[in-house]
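Geometric and topological summary
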Amino acid sequence: MSQSPAVWTLLTAARLLDGSGEPPLEGAALLIEDGRIAHIGPRSDVRAPSGARVHQVDYGDATILPGLVDAHTHLVAPGDGSPGDDLALEGEDLLLLRGVANARTTLHSGVTTVRDNGAKGRVAISLREGIRRGLVAGPRTVICGRPITMTGGHMYYFGSEADGVDAVRAEVRKLLKEGADYIKIVASGGSTRTSDPRRASYTVGELWAITDEAHRHGKLTAAHCSCAQSIENCLEAEVDMIVHCVFAEPDGTFSLRPDLVDRLVASGAWVNPTLYILRAAKEYVTARREREGGLTHQHEALLQGAGRELEVRMEAVGKMIRAGVKLCAGSDSPWLWYAPGGFVHEIEILAEAGLSNGEAIVSATSGSAESIGVGPVAGRLAPDRQADVLVVAGDPTRDLSSLWQVLDIYQAGRCVERGIR
Ligand SMILES: [Zn+2]
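Please read all numbers here as calculations on a predicted model, not as lab measurements.

Quick notes on the rules
- Residues numbered from 1 in each chain as written.
- Predicted model: local features only at pLDDT ≥ 70, side-chain atom pairs only at ≥ 80, totals over all residues.
- Heavy atoms only, no water.
- Helix = DSSP H or I, 4+ residues; strand = E, 2+ residues; numbered from the N terminus.
- Buried < 20%, exposed > 50% of the residue type's maximum accessible area, 1.4 Å probe, protein only.
- Contact = heavy atoms within 4.5 Å.
- Salt bridge = Lys/Arg side-chain N within 4 Å of Asp/Glu carboxyl O.
- Pairing = 2+ DSSP bridges.
- Axes fitted to C-alpha atoms, helices over the stretch in contact; angles between N-to-C directions.
- Donors = N, O, S within 2.8 Å, 3.2 Å for Na, K, Ca; no water.
- Domains from an automatic or database assignment.
- Buried area = accessible area lost by both parts, 1.4 Å probe.

1. Observations concerning the side chain of Asn102
Position of Asn102 relative to the elements: it lies in helix α2 (residues 92–108). Owing to a relative accessible area of 6%, Asn102 belongs among the buried residues under this scheme. Beyond its immediate sequence surroundings of up to four residues, Asn102 is in contact with Leu75, Val76, Ala77, Pro334 and Pro340.

Written out as structure tokens, the structure is:
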């Protein structure tokens, strides 16, 4: 019996970024064998073995880079402004279907890995399994299952309320039993109606119990922190990633805490700033004002509030960048008004806040992959790695908007069929 010959794929383009932050390789070629990267180099150096069947694609003035890694999604949300309190009223069956649709949209935008930051019930677990089995199209999905939160705390409606050191530790064990890849903690209130975003929720003792239990099992932790006290508590408890990282006080004022910035640097914790979600709210309300010639008091307040908060948070992120805090890109979409498939908005706004284009790309590839614990398998192009590859027109190191010009996406070496050619 003759073995069918291995099929090789050879991609060539004007340049290649490997995700590490090194300057682009000009006149590049990437060879894929059996879903894995076999060789990367200048065109003249990269060839399939003689006699091999090779599928070759030349993309011309384009850039080959790793599939993007979005460190923060909520694939059950519609991205139309619906608050979490309302979307969680839907049944898990419908939420799963929405997750399926959002996973496909996300993949088609060039994102081949996401970390989902919380869904209702077992939805995230089922979604990850459906994608793994190839039942539905979607990125590699790292999940927490549900965020752990205090009674009535932000996202309590997803189903993991726990209070006190014993109960939070038990909840970690329960989530790990269900298949959580990491533990998401809600360390302050948020948009949930029964919570206060400007106050810490868990005590340091409760946070310690969660991080201790997660770390004992080799799992990372990430915490929603929309006030300074929650950031301080999480640093105390050695949380691995601070999400949002808003320096807000209980009275609603913002003031950057240089002491906490120093501690963020010293601890090596990752910060996921989630900036664009505020601009998405602003843009939605502005468009509505133009359409309807006016705004309700509620929308006027939202517009003012989001505008002011975006300004101070952009400035704070700029200062954190200059201080050397490790930033990763995570969109938070499709939460509230941040529609799915728009991760590039977050990459662009991080550059606006102070990252160079090259650094912004790292924050959305190898940086975000490392921050969510998949550094060895995602966010970087190198021999022997799974070929999760994005090809975009133009040069994103010169102009990040070229990341919107997706030519092709490869998942484990297979070109993703997007139905648009
Ligand atoms: Zn979130």
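So that's the structure; there's more coming.
2. Structural notes on the pattern of salt bridges
The full count for this structure, using the stated rule, is 25 salt bridges. Between Asp61 and Arg15 there is a salt bridge whose closest N-O contact spans 2.7 Å. Note that Asp61 is positioned in the loop between β4 (53–58) and β5 (62–66) and Arg15 in strand β1 (residues 7–16), a separation of 46 residues in sequence. You can call Arg15 buried: its relative accessible area is 9%. Between Asp58 and Arg43 there is a salt bridge whose closest N-O contact spans 3.7 Å. Here Asp58 is found in strand β4, whereas its partner Arg43 is found in the loop between β3 (36–42) and β4, with 15 residues between them in sequence. By relative accessible area, Arg43 is classed as partly exposed at 36%. If you follow the salt bridges from partner to partner, you end up with Arg169, Arg173, Asp212, Glu213 and Arg216 in one network.

3. Re the environment of His299
Within the secondary structure, His299 sits in helix α9 (residues 297–323). Along the sequence, His299 and Arg289 sit ten residues apart, while their C-alpha atoms lie 9.0 Å from each other. If sequence neighbours within four positions are ignored, His299 has contacts with Tyr284, Val285 and Arg288.

4. A look at the sheet that holds strand β8 (residues 140–143)
Within the open sheet, the three strands sit side by side as β6-β7-β8. Their pairing is parallel. The sheet is open, and its two borders are formed by β6 (68–73) and β8, each paired with just one other strand. Along the sheet, successive strands turn relative to each other by an average axial angle of 15°, direction set aside. Where β6 meets strand β7 (residues 111–116), four bridges bridge the pair, whose relative direction is parallel. Among the inter-strand pairings, Asp70 is bridged to a residue of β7, identified as Val114.

5. With respect to the coordination of the zinc ion
All of the protein donors around the zinc ion are His72 (NE2), His74 (NE2) and Asp332 (OD); their distances to the metal are 2.0 to 2.3 Å. For the zinc ion, the donor residues sit on a single chain with the sequence spacing H-x1-H-x257-D. On the criterion of sequence distance, the pair formed by His72 in strand β6 and Asp332 in the loop between β13 (326–327) and α10 (343–353) is long-range, its members being 260 residues apart. Judged by its relative accessible area of 4%, Asp332 falls in the buried class.

6. Focus on the domain arrangement of the protein
Parsing the protein into structural domains produces domain 1 (7–66 + 380–415) and domain 2 (68–371). Centre-to-centre separation of domain 1 and domain 2, based on C-alpha positions: 31 Å. With 22 residues of domain 1 in contact, the opposing surface of domain 2 contributes 22 residues. Summing both partners gives a buried area of about 1,600 Å² for domain 1 against domain 2, and 65% of it is carried by carbon and sulfur. Linking domain 1 to domain 2 there are one salt bridge. With a closest N to O distance of 3.3 Å, Arg140 and Asp388 form a salt bridge.

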